[in-house]
Amino acid sequence: MSGILTGFSTIGAIIVLGVVLGHFGVLDVQAQRLLSRLAFYVANPALMVTVLGDTDISAVLSAGLPASLGGVAVAAGAQVAVSRYLWRSSAAESTIGAFCAAYANAGNLGLPIAGYVLGDASLVAPMLLTQLLVLQPAGLTVLDLTTGDGPRTWRRVVATPFTNPLLIGSLVGVALSLLDLRLPAPLRDPLDLVGGMAIPAMLLAYGLSLRFGPLPGRGARLGRTGFTVFLKLVVQPVVTFLLARYALGLDGAGVLAVTVIAALPTAQNVFVHASRYGVAEVPTRDCVFLTTILSAPVLFAVATLLA
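Residues numbered from 1 in each chain as written. Predicted model: local features only at pLDDT ≥ 70, side-chain atom pairs only at ≥ 80, totals over all residues. Heavy atoms only, no water.

## Focus: the overall build of the chain
Along the backbone of the chain there are 14 helices and zero strands. The buried share of the chain, reckoned over its 307 residues, is 51%. When contacts within the chain are restricted to residue pairs at least 6 apart in sequence, those whose partners lie at least 24 apart make up 83%. When the accessible surface of the chain is split by element, carbon and sulfur atoms take 69% of a total near 13,500 Å². (Helix = DSSP H or I, 4+ residues; strand = E, 2+ residues; numbered from the N terminus. Buried < 20%, exposed > 50% of the residue type's maximum accessible area, 1.4 Å probe, protein only. Contact = heavy atoms within 4.5 Å. Areas by Shrake-Rupley, 256 points an atom, 1.4 Å probe, with all protein chains shown as cover.)

Here is the structure:
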């Protein structure tokens with residue numbers, strides 16, 4: 001259980017630092033925007049090159065992958081359906097909502113939890129790559145097309161994902177892994193340094209948003225945020241568990257692994273996306289905050305019941 005405590009305490013400390021820096025005027029709203037853009041355009045792509053380049057892509061073909069995909073599809077699909085047809089939200093708002101409902105914090109929280117709780121950090125790779133190579137490109141394409149200017153031609157639709165820096169970094173990392181290539185030190189070392197900024201920059205920007213924006217729960221419709229939180233922390237892990245246990249027949253360790261990873265809170269980089277495109281920033285911030293706080297007892301319960 002120490003992995004869960006370590007992951008949450010580390011994240012919480014950096015978020016609090018962002019709040020403190022904002023409170024004392026060291027950083028301001030412009031700094032929040034700068035940190036978000038720095039993470040989106042520079043640090044995250046560099047991190048994807050190094051992380052995915054060192055990942056065994058064959059892990060994606062593990063038996064638990066269909067269960068993880070099923071959990072993501074159900075949670076994201078339910079969010080989009082309710083957003084579009086019940087709440088009448090725009091395509092961009094529905095896309096950010098789907099990210100909030102299904103995009104797990106598989107990086108800076110999932111990796112330590114997988115390593116310390118599950119005993120194998122590579123178990124987070126299927127979810128990480130599913131999000132980076134399927135969920136994220138699809139969502140960012142919708143955001144690029146619905147928030148940008150210019151005609152929506154088929155050429156633009158096809159080309160849009162490949163102009164996104166995060167996808168470019170992910171594809172480079174996957175190519176390095178598949179070809180079993182290692183970057184030379186003059187290239188790898190700068191990427192490591194720049195990629196190391198990604199997680200702190202995202203967390204500091206998030207902390208600044210807590211200081212300068214409305215308090216969580218006051219700036220957005222609480223019922224809608226609660227529905228999204230329910231999808232992320234209850235529906236996604238339950239669907240994943242049912243598929244792993246009864247449809248795929250995984251053993252106890254396999255069921256535990258995919259369920260724990262599905263129960264992770266919404267990733268902080270969803271807030272980076274919301275900030276980058278100027279869509280649903282406050283509800284996204286609230287969702288990240290609430291899922292991060294509430295996922296702790298959920299993860300403890302899952303680990304206790306399935307261990």
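## Points about helix α13 (residues 268-277)
Most of α13 sits inside the fold, with nine of its 10 residues counted as buried. Two residues or fewer after α13 comes Gly278, characterised by a positive phi angle close to 65 degrees.

## Some thoughts on the environment of Ala78
The residue Ala78 is located in helix α3 (residues 65-85) in this model. Overall, the relative accessible area of 24% leaves Ala78 in the partly exposed class.

## Brief notes about the confidence of the model for the chain
Across the chain, the average pLDDT comes to 85, with 88% of residues at or above 70. Summarising per-element confidence for the chain, the mean pLDDT is lowest in helix α7 (residues 154-159) (65) and highest in helix α4 (residues 91-102) (96). (pLDDT = per-residue confidence, 0-100.)

## Side note on the side chain of His273
Among the secondary structure elements, His273 is positioned in helix α13. Residue His273 is classed as buried on the basis of its relative accessible area of 0%. Among the polar contacts made by the side chain of His273, one reaches the side chain of Gln136 at a distance of 3.2 Å. With residues up to four places along the chain from it excluded, the contact list for His273 reads Phe40, Ile96, Phe99, Gln136, Leu140 and Leu166. (Polar contact = N/O pair within 3.5 Å; in protein donor to acceptor, adjacent residues only side chain to side chain.)

## Description of the packing of helix α2 (residues 29-53) against helix α6 (residues 125-147)
One can describe the packing of α2 onto α6 by two numbers: an axis separation of 12 Å at closest approach and a directional angle of 135 degrees. Overall, the two elements α2 and α6 adopt an arrangement that is oblique. The handedness of the crossing between α2 and α6 is left-handed. Across the interface between the two elements, Met48, Val51 and Leu52 of α2 pack against Leu128, Leu129 and Leu132 of α6. In terms of residue class, the contact of α2 with α6 is made up of six nonpolar, no polar and no charged. (Axes fitted to C-alpha atoms, helices over the stretch in contact; angles between N-to-C directions. Parallel < 35°, antiparallel > 145°, perpendicular 65-115°, else oblique. Left-handed = near helix turned anticlockwise from the far one by under 90°. Nonpolar A, V, L, I, M, F, W, Y, C, P; charged D, E, K, R; others polar.)

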